Amino acid sequence: MLFLMMCERYKQNPRDVLDVGSRVLYDSLSIGRGEHTRAIKQFLNMEIKD
């Protein structure tokens, strides 16, 4: 809900925001400078378990 509220506040389409975010995520890992992205992924994998 927070994400949707922020999109509404800044008058952004949530689908567009997610599309841009997914491209940034993909690019950060493909360029080879994704140490921060990999650290976030590792944190989420370790902290949020099924």
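Scroll up a little and you will see the structure.
Quick notes on the rules
- Residues numbered from 1 in each chain as written.
- Predicted model: local features only at pLDDT ≥ 70, side-chain atom pairs only at ≥ 80, totals over all residues.
- Heavy atoms only, no water.
- Helix = DSSP H or I, 4+ residues; strand = E, 2+ residues; numbered from the N terminus.
- Rg over C-alpha atoms; globule rule 2.2 N^0.38 Å.
- Phe/Tyr/Trp six-rings, centres within 6.5 Å; stacked < 30°, edge-to-face > 60°.
- Lys NZ or Arg CZ within 6 Å of the ring centre and 35° of its normal.
- Buried < 20%, exposed > 50% of the residue type's maximum accessible area, 1.4 Å probe, protein only.
- Polar contact = N/O pair within 3.5 Å; in protein donor to acceptor, adjacent residues only side chain to side chain.
- Contact = heavy atoms within 4.5 Å.
- Expected span 1.5 Å × (residues − 1).

Peer 1: I'd like to hear about the overall build of the chain, residue by residue, with values.
Peer 2: Tallying secondary structure elements over the chain gives three helices and zero strands in all. Along its sequence from the N terminus, the chain presents helices and strands in the succession α-α-α. For 50 residues, the compact-globule formula gives about 10 Å, and the C-alpha radius of gyration of the chain, at 14 Å, lies well above that figure. A principal-axis box enclosing the C-alpha atoms of the chain has dimensions of 30 × 30 × 15 Å.

Peer 1: Got a sec to walk through the packing of aromatic side chains? Specific residues and values, please.
Peer 2: The geometry of an aromatic ring pair comes down to the distance between the two centres and the angle between the two planes. According to the stated counting rule, one finds zero aromatic pairs in the structure shown. If you follow Arg 9 out to its NZ or CZ, it ends over the ring of Tyr 10, 4.9 Å from the centre.

Peer 1: So, the side chain of Thr 37: which residues are in play, and what are the values?
Peer 2: Considering the arrangement of structural elements, one finds Thr 37 in helix α3 (residues 35-47). By relative accessible area, which is 16% here, Thr 37 ends up buried. Separated by 3.0 Å, the side chains of Thr 37 and Ser 28 make a polar contact. When near neighbours in sequence (up to four residues on either side) are disregarded, Thr 37 contacts Leu 25, Ser 28 and Leu 29.

Peer 1: Please provide a residue-by-residue account of the side chain of Ser 28, values included.
Peer 2: Its location among the elements puts Ser 28 in helix α2 (residues 14-30). Excluding residues that lie within four positions of it along the chain, Ser 28 makes contacts with Arg 33, Gly 34 and Thr 37.

Peer 1: Give me the lowdown on α2, citing residues and values where you can.
Peer 2: Between the first and last C-alpha of α2 there are 24 Å, a value that for 17 residues agrees with the 24 Å anticipated at 1.5 Å per step. Among the residues of α2, the N-terminal cap falls to Asn 13, whose side-chain oxygen and the backbone nitrogen of Arg 15 are separated by 2.9 Å. Of the residues flanking the end of α2, it is Gly 32, one or two places downstream, whose phi is positive at about 100°.

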